[in-house]
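Analysis of the macromolecular model
Listed below, chain by chain, are the residues.
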Amino acid sequence: MKKLLLITTSFPETFNGEEAAGAFVYDYCLELSMHVDLHVLHPGSKSGSRQIKSNFTVHGFSASSKALSLLKFYKPRDALQIIKILRGGKALTKELVEKYKVDHIFCLWALPSGYWARSTGVTFDIWALGSDIWSLGKIPIVRTVLRKVLMGAGRLYADGFQLADDVKALSGRECTFLPSSRNLGGVSVDKKPRDEEGKLKLVFLGRWHRNKGVDLLLEALEFLDEGDWAKISEIRIAGGGPLEKEVRSTVRALIKRGRPVTCMGYLDKAEAVDFLSRADWFLLPSRIESVPVIFSDCMQLKLPVVSMPVGDVPRLMEVYGVGFCCKNVDASDFSLAIKKALNGFSVREENFLKCANDFSVESSVQMLLEHIK
């Protein structure tokens, strides 16, 4: 059995709904461990190794009191923490490669994972994330390092079509689309409760951050008229983040006006499945997006999506026909899309099944394993 080292900055330490990308990284690792002897390296709050399964071991190291994604290069104290993390990760990568005789390294994501892998001499592949290319790639010195890391990898992957094109432009090399998704465990959606009066339940689940557009969603609700609200059983908004104060305040104001809007916190996987399976439409108002993991969640649960026209979502809607996008990234346009959903737009079940299969954890892992072979 091949020995694979997976390096990631997104391995979850908790499963309360705040783990973001870690929600699918864990499932991806579980599937990989069915085919290889897997070791996972990640920076986190705890140091040391722990065994998840007989051939799935996690090695963490604690180098900062803050998550790497929250550290800023231009802040001296943060810069020292970043240097500490880079050195610690590089040293542990070399140690694990030598100790476990690693055959291949898979990096989630390009930086710093690919930087650590590149120092070992072992062949490695990179799965790029939007923050790699669209954020770090804009910093001059970091961009140079990023390009070298991408050029040194065996194969390049990206979790979006546009992102794959951008990786290719930066590295001068081919990049394959590899969808990110999590395994919801064969959930049945046939028993989804329906409103007796035929009204619809609309939901949002995600970070309450400007990029995710939760403020645009709330603004869009102001454009709905009495006739629209008469068709709505409930709008449920779940998650958390920097816009929490604004979200909760706006929801309270809507409730006072008699609008059926409710507000919830973060949801773990089981809670998220229950939350989504009770809905009729998912609302995706993001300003910036590639292919969000929540999209594949919706496909598994046969839940159609109303989206802003961002990232790869318009292309997915065109290919699979699992919902629709509004014309512009605008609250008024998004409200028109919601109105369209309320007026009887339907999606065929086979569309969901095809998309869910293409976006499954099993399909993504098999693609990687085929390339490794």
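In case you missed it, the structure is sitting above this.
Everything in this summary refers to the structure shown in the same document. (Residues numbered from 1 in each chain as written. Predicted model: local features only at pLDDT ≥ 70, side-chain atom pairs only at ≥ 80, totals over all residues. Heavy atoms only, no water.)

In this section: the overall build of the protein chain. Summing up its helical and strand segments, the protein chain has 15 helices and 14 strands in all. Relative to the compact-globule value of 21 Å for 373 residues, the protein chain shows a C-alpha radius of gyration of 21 Å, a close match. Taken over the C-alpha atoms alone, the protein chain extends approximately 65 × 45 × 40 Å along its principal axes. Out of the 373 residues in the protein chain, the part that is buried amounts to 52%. Intrachain contacts of the protein chain at a sequence separation of at least 6 include 64% that bridge at least 24 residues. For the protein chain, the computed accessible surface area is about 17200 Å², with 51% contributed by carbon and sulfur atoms. Where the 51 positive side-chain charges of the protein chain centre and where its 44 negative ones centre are 6 Å apart. (Helix = DSSP H or I, 4+ residues; strand = E, 2+ residues; numbered from the N terminus. Rg over C-alpha atoms; globule rule 2.2 N^0.38 Å. Buried < 20%, exposed > 50% of the residue type's maximum accessible area, 1.4 Å probe, protein only. Contact = heavy atoms within 4.5 Å. Areas by Shrake-Rupley, 256 points an atom, 1.4 Å probe, with all protein chains shown as cover. Lys, Arg positive; Asp, Glu negative; His and termini not counted. Charge placed at Lys NZ, Arg CZ, Asp CG, Glu CD.)

Our focus in this paragraph is helix α14 (residues 349-358). Taken together, the buried positions of α14 are occupied by N351, F352, C355 and A356. Burial along α14 is one-sided: seen end-on, the buried residues are contained in an arc of 125°. Of the surrounding secondary structure, the elements contacted by the buried residues of α14 are α11 (293-300) and α12 (313-320). (Arc of directions from axis to C-beta.)

Ordered in space as β11-β10-β9-β12-β13-β14, the 6 strands form an open sheet in which the pairing is parallel. Both edges of this open sheet fall to β11 (261-264) and β14 (323-325), since each of them pairs with a single strand only. Each adjacent strand pair in this sheet contributes to an overall mean axis angle of 20°, direction not counted. Sitting on the sheet, helix α9 (residues 244-256) is in contact with β10 (232-240) and β11, with an inclination near 150° to β11. Contacting β12 (281-284), β13 (305-307) and β14, α12 crosses the sheet at an angle of about 145° to β14. (Pairing = 2+ DSSP bridges. Axes fitted to C-alpha atoms, helices over the stretch in contact; angles between N-to-C directions.)

Before going further, it helps to examine the packing of aromatic side chains. According to the stated counting rule, one finds 18 aromatic pairs in the structure shown. When the ring of F11 is compared with that of F56, the centres are 6.4 Å apart and the planes differ by 90°; the resulting orientation is edge-to-face. Pair noted here: F11 is in the loop between β1 (3-8) and α1 (22-32) and F56 is in strand β4 (residues 56-61), with a separation of 45 residues, a long-range link. F56 matches F11 in its accessibility class, with the two residues each being buried. If you follow R315 out to its NZ or CZ, it ends over the ring of F161, 3.8 Å from the centre. (Phe/Tyr/Trp six-rings, centres within 6.5 Å; stacked < 30°, edge-to-face > 60°. Lys NZ or Arg CZ within 6 Å of the ring centre and 35° of its normal.)

Turning to the pattern of salt bridges, a few remarks are in order. Following the criterion strictly, the structure yields 15 salt bridges and no others. With a closest N to O distance of 2.9 Å, R182 and D297 form a salt bridge. In this pair, R182 sits in the loop between β8 (176-177) and β9 (200-207) while D297 sits in helix α11, placing the two residues 115 residues apart along the sequence. Of the two residues examined, R182 and D297, each falls in the buried class. The partner of K302 in a salt bridge is E349, with the nearest N and O atoms 2.9 Å apart. A residue pair is termed long-range when its members are at least 10 positions apart, and K302 in the loop between α11 and β13 and E349 in helix α14 qualify at 47 residues. Counted as one network, the salt bridges with shared partners bring together D225, D228 and K339. (Salt bridge = Lys/Arg side-chain N within 4 Å of Asp/Glu carboxyl O.)

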